[in-house]
Amino acid sequence: MAATRLIAMHMNKGKSIQQCLKDRTDYAQNPEKTDGGILVSSYECDPKLVEEQFALAKREYQHNTGRENNNDVIAYQIRQAFKTGEITPEEANRIGYETAMRWTKGRHAFIVATHVDKAHIHNHIIYNSTNLDCNRKFRDFHLSGIALHKVSDIVCLENGLSVITPRKPSERSKRTVYPQRKSYREEIRESIDICMEQKPKDMEELIKLLQEMGYEIKRGKYVSLKGRDQKKFLRMRSLGAGYREEDLEKVFSGESAFTPDPKQQRTDENVYVKPEPKVDMLLDIQAMIAKGKGPGYERWAKVHNIKQMAQTLLFLEEHGLRDYDELSEKARAASERFGEITEKQKALEARLVEIAALKKHIINYSKTKDTYAEYRKSGYSKKVFEEHREAITLCKAAKEAFSKIEGKLPKIKELNQEYSEVLQEKKKTYAEYRQAKQDMKDLQTAKYNVDRLLKSEQSKEQDEKQKTTEQTL
């Protein structure tokens, strides 16, 4: 089965015909996509010189006919994509070549480049709009896409491949669910969540952590943030409850606790969705009553415990946990996994701090090395030192940091790349961290509730035995 598409290729402003052709053909023949250039075939042209030969044919056409190439189509591209797993790359290239021969009737030079970098194998067929005799051009016609599709289907059927069965518009499935793109505010909130995991002492420390993550900070009446891909600064006060400056200040002062990811995005329909009940711990009713709680609390607590025990049993049933030892093992494993991910998070955070510090030392060294060289030439004069105390101190600190590095000192570009990779890994690990934390909490809560229930049942059995013993006496 092959899906096809015919694309007219025009000239770009400010470029010659040969440059435009080279841009298109270089992409099609990319060695990383065509298995090192093996999956490239051609007809009446050399793939390495295809743009020159196409352009030469156009100059000869202009000479033969006297017609100019103003805003004309310089080439056509056929994209031919095959069903995943139905064809090999070599067969796809051969079928692409045969399709191009039948479509152009052998009158136009072309190349066929088979790309294997995607899950589905597909061809990029580029043919010259000028024919081989350099006296005519290929003219697109009405419903040419349907005609091309039929030619491709005939070739596929002759080679034992399936074809796309045409369906009426009423029978076609429509895409109703589209992937939601994260807004810049959501990305900033996630970054703040990550920074708050490091327990910053105040707003200044939080802002420094955000700067290390690549955010630009603009101060004024309000603090504004700008990420790498953002075009404009966004104020923190626009991030929603829990992320505004005044909310974060309350967290730093201890007046309130920070709650990450409060789901700020709005849905298209304001429909209330009842949250799913979660497993919560059973209450020790007797202990609370002993502290002075009244009968109203006792009634509420009993109902709460019944609901939570039912929820616990449902949780155990959904997860196939019918053995107490298995539950204990799962709870222990969840706790260990949470500990491992926590340690990984700490290691990634530490590496981010190291990279940021090293970048700072490299920048400081580049700014102060000339001053330090002057200080050294002066025989380490105290006068020179006092005049340039700050610069010399920064240079010394940088040199000391460099002495601890084994091997060659990395470049700023390499550090930026590593910082970006570590940051992405940290974001990914943070999602795992939150899931592991929730899994550990659910399993440990379920185990606690089962322990409480078993303890309660044992206590009842002991009371009944004691009553039976007293009655016999």
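Refer to the preceding data block for the structure.
Residues numbered from 1 in each chain as written. Predicted model: local features only at pLDDT ≥ 70, side-chain atom pairs only at ≥ 80, totals over all residues. Heavy atoms only, no water.

1. Looking at the environment of Q29
With respect to the helices, strands and loops of the structure, Q29 is situated in the loop between α1 (17-28) and β2 (40-43). A relative accessible area of 17% means that Q29 is categorised as buried. The spatial distance from the C-alpha of Q29 to the C-alpha of A113 is 5.8 Å, given a sequence separation of 84 residues. The contacts of Q29, once residues within four sequence positions are left out, are T34, V40, P47, V50, I111 and A113. (Helix = DSSP H or I, 4+ residues; strand = E, 2+ residues; numbered from the N terminus. Buried < 20%, exposed > 50% of the residue type's maximum accessible area, 1.4 Å probe, protein only. Contact = heavy atoms within 4.5 Å.)

2. A word on the sheet that holds strand β8 (residues 234-235)
Spatial ordering of the open sheet is given by β6-β7-β8, a layout of three strands whose pairing is antiparallel. Edge positions in the open sheet fall to β6 (216-218) and β8, since each of these has one partner strand only. Relative to β8, strand β7 (residues 224-226) is paired through two bridges, and the arrangement is antiparallel. Bridge pairing in β8 places L225 opposite L234. (Pairing = 2+ DSSP bridges.)

3. Points about the packing of aromatic side chains
For the structure shown, the criterion picks out 14 aromatic pairs. Seen from their ring centres, Y243 and F258 are 5.6 Å apart, and the 80° between their planes marks the pair as edge-to-face. With Y243 in the loop between β8 and α7 (245-253) and F258 in the loop between α7 and α8 (285-290), this pair connects stretches of sequence that are 15 residues apart. With relative accessibility at 0%, the residue Y243 sits in the buried group. Taken together, the ring pairs in this structure connect Y76, W103, Y127, F138 and F141 into an aromatic cluster. Here the basic side chain of K359 rests over the ring of Y419, its NZ or CZ set 5.6 Å away from the ring centre. (Phe/Tyr/Trp six-rings, centres within 6.5 Å; stacked < 30°, edge-to-face > 60°. Lys NZ or Arg CZ within 6 Å of the ring centre and 35° of its normal.)

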